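The residues making up each chain are set out below.
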Amino acid sequence: MIIVYSPDHALQEGRSELHDGKIVPCFESPRRAALVLAGIEAAGLGPVEAPQRFGLDPVRRVHAADYVAFLETAWGAWVAEHGDHDALPFTWLAPDMRRVLPDHIDGKLGYYAFDAGTPITAGTFRAAGVAADVALTGAHRLADGAPCAFALGRPPGHHAGRAHYGGYCFFNNAAIAAQALRDRGAARVAVLDVDYHHGNGTQEIFYDRGDVLFVSLHADPKQEYPYFLGFADETGSGAGEGATANYPLPFGTGWDTYAEALDHALGRIAAFGAEAVVVSLGVDAYKGDPISRFRLDTPDFAALGRRLAGLRRPTLLVMEGGYAVEAIGLNVVAVLRGFLD
Ligand code: Q9C
Ligand code: ZN
């Protein structure tokens, strides 16, 4: 399987995030991708390829131009105001306030961010751009005829919406790749999101479109982050009515419950007639994940990979979450091996 990887992901190395009322070291760290790469190399999977550079045009196919420009300039504005340390917002718009873009960087952070867990650093914009390039390279490999590829990038993407960031995500790599597959001629593309958290950004980006199906299995937003999206009654709007499907699952979900929802989700993708599938591959449904509360074990991830292959469609796997660093390599390799079996 083609693995797309660049060491430049390490340009995003946040120091700390707000978690359970405390400032703690970032869960989303460069070690994650390095350990996944080490697992892939130890397993003899490959070839490992460097990404091509696509620039920002394919990013702007799913993100607003003003949002992209904000990310490009945020670090400089932050340093000028506060000095050379990570940028985090401390205030946000409530829904009944006015959405007017402030001039001050602190206001801008609150305007574009939706949590205090996603620091902007000196290298954030470049790292996010490389992560998009990694996903785009995989998408173009599929469009050129490859049956599958794994985009091993970070920072992750599925929480990033058209004009907002959060959940460790800045550019929505999976959405950018799905759009590129559409632009390369796939009439219908499905995004299957198996990260433990709901892919609110991807859902938002495609919510009113009938050409991209979004299907997500995740912890029930009544109980879990991102809390404000991901309910079962969100099914799309307008031309996209029926092209969003959410499977919220309770804390403690193990493989039996998960597999039942997964089979239903895969049935939706087959019935949709997807010509290509993008998988938002988080492995934070793992039982040992430090911020998650599902109970999947490493062999379950192999079973997940086998089921994904059972769709028999060109498939791009895009790295999302997974924070049990000691097991992240094993769990991702289990998915890839299961897929290839
Ligand atoms: N106690 C991804 O997996 N923190 N993002 C929630 C706070 C945000 C996860 C826990 C979790 C974001 C890509
Ligand atoms: Zn996640």
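Residues numbered from 1 in each chain as written. Chains lettered and ligands numbered in written order. Predicted model: local features only at pLDDT ≥ 70, side-chain atom pairs only at ≥ 80, totals over all residues.

Going by an unreviewed UniProt entry, the protein carries the name Acetylpolyamine aminohydrolase and comes from Rhodoplanes serenus. Taken from UniProt, the Cofactor (unreviewed entry) comment for the protein reads in full: "Zn(2+)". (UniProt positions renumbered as here; feature names shortened; annotations may be inferred.)

Another point: the site of ligand 1. Lining the immediate environment of ligand 1, one finds 16 residues, of which P156, G167, Y168, Y225 and G321 sit closest. Of the residues assigned to the shell around ligand 1, the class counts are five nonpolar, seven polar and four charged. (Near = placed C-beta within 6 Å. Nonpolar A, V, L, I, M, F, W, Y, C, P; charged D, E, K, R; others polar.)

Before going further, it helps to spend a moment on helix α6 (residues 173–183). α6 sits mainly inside the fold: nine of its 11 residues count as buried. Buried within α6 we find N173, A174, A175, I176, A177, A178, Q179, A180 and L181. Phi for G185, located one or two positions after α6, is positive at around 115°. (Buried ≥ 20, exposed ≤ 12 C-beta atoms within 10 Å, placed from the backbone. Helix = DSSP H or I, 4+ residues; strand = E, 2+ residues; numbered from the N terminus.)

Let us look at the packing of helix α5 (residues 124–143) against α6. Each packed pair of helices is defined by two parameters, the angle between the axes and the distance between the axes. Running from amino to carboxyl end, α5 crosses α6 at an angle of 30°, the nearest separation of the two axes being 8 Å. Here α5 is positioned roughly parallel relative to α6, judged by the angle of their axes. Classified by chirality, the crossing of α6 by α5 is right-handed. Together, A131, A132, A135, L136, G138, A139, H140, L142 and A143 of α5 and N173, A174, I176, A177, A180 and L181 of α6 make up the contact between the two elements. Looking at the contact of α5 with α6, its residues break down into 12 nonpolar, three polar and no charged. (Axes fitted to C-alpha atoms, helices over the stretch in contact; angles between N-to-C directions. Parallel < 35°, antiparallel > 145°, perpendicular 65-115°, else oblique. Left-handed = near helix turned anticlockwise from the far one by under 90°. Contact = placed C-beta atoms within 7 Å.)

Now for the environment of A180. Mapped onto the fold, A180 is located in helix α6. As for A180 and A274, which are separated by 94 residues in sequence, their C-alpha atoms are 14 Å apart. What A180 contacts, discounting residues up to four positions off in sequence, is P58, L136, A139 and H140.

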